[in-house]
Amino acid sequence: MQLPPRRWKNLSKHPLFKHIFAGVILFGVLCLAFWIRIQGADRIPTEQFTSYDAFLFRGQVEMIAEIGYLPARDTHRWLPLGRDNTQLLSLFSYAIAYTQKLFPWWSLYQIQLYLPALCWTLGLDVLFLTGCYGVMFAAIVGVLLATFPGSIERSAAGFGDRDAWCWMLGVFAVTSYLYKEQMAPGHRRWIACTRHLISL
């Protein structure tokens, strides 16, 4: 049953309709970005990755999962003294290990395999939430970022490195700063500023 023309015209001007339409477009871009990045994951051999550094993080994740923390020295590298782990930025490895504790039905390998695609998509989602320039601008930029070959290669499932993780944290830091700058002075802005410093 079709609505009368006037009712449809009035409905299309309703603010709720515009929000739903914008949400559907942006959600579609996010789905496209994630779908592109998980293509070919089933062709990667079991327990393998498509980057060299992923195996380093895999070793760190297994140590954290086994003993609860990363030892001060990695005795598997830089023999005979071992590699000093205290100078490494190991948040990525801890995130994988503790994600597995939250979702025990996923293996450490599965989490590391798909985490780059998920992190990159979350970063893109946060960019959309800023909503500075309108839906069409966000959708165009989202499609360009989602299909940019360099970003696909380093955020695809199986890459297993922390490039997409760093992208996500960087987007969180910048957008939290922009959000804080739009707020009126007061205690809410101070709390947002504190959250921004924590995200850095």
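In short, a report on the structure. Note that this is a predicted model, so its numbers are computed, not measured.

**As for unusual backbone geometry**
Positioned with a positive phi, Glu47 is a non-glycine residue whose angle comes to about 65°. By secondary structure assignment, the location of Glu47 is in the loop between α2 (15-38) and α3 (53-67).

**Digging into the pattern of salt bridges**
Opposite charge on two side chains lets them pair, provided their charged atoms get close. The final tally for this structure, using the stated rule, is three salt bridges. Between Arg58 and Glu62 there is a salt bridge; the shortest N-O distance is 3.0 Å. With Arg58 and Glu62 both in helix α3, this residue pair falls four residues apart, about one helical turn. When its relative accessible area of 14% is taken as the criterion, Arg58 is described as buried. For Glu62, a relative accessible area of 39% corresponds to the partly exposed category.

**Quick notes on helix α6 (residues 135-147)**
Helical periodicity: at 3.6 residues per turn, an α-helix aligns residues three or four positions apart in one direction. Helix length check: α6 (13 residues) gives 18 Å between terminal C-alpha atoms against 18 Å at 1.5 Å per residue, within 8%. When α6 is considered as a whole, its buried residues turn out to be Ala138, Ala139, Gly142 and Ala146. All buried residues of α6 project into a common sector of 100° when viewed along the axis, lining one side. Opposite its buried face, α6 presents the exposed residues Met136, Ile140 and Leu144, each directed more than 90 degrees away.

Calculation criteria
Residues numbered from 1 in each chain as written. Predicted model: local features only at pLDDT ≥ 70, side-chain atom pairs only at ≥ 80, totals over all residues. Heavy atoms only, no water. Helix = DSSP H or I, 4+ residues; strand = E, 2+ residues; numbered from the N terminus. Salt bridge = Lys/Arg side-chain N within 4 Å of Asp/Glu carboxyl O. Buried < 20%, exposed > 50% of the residue type's maximum accessible area, 1.4 Å probe, protein only. Expected span 1.5 Å × (residues − 1). Arc of directions from axis to C-beta.

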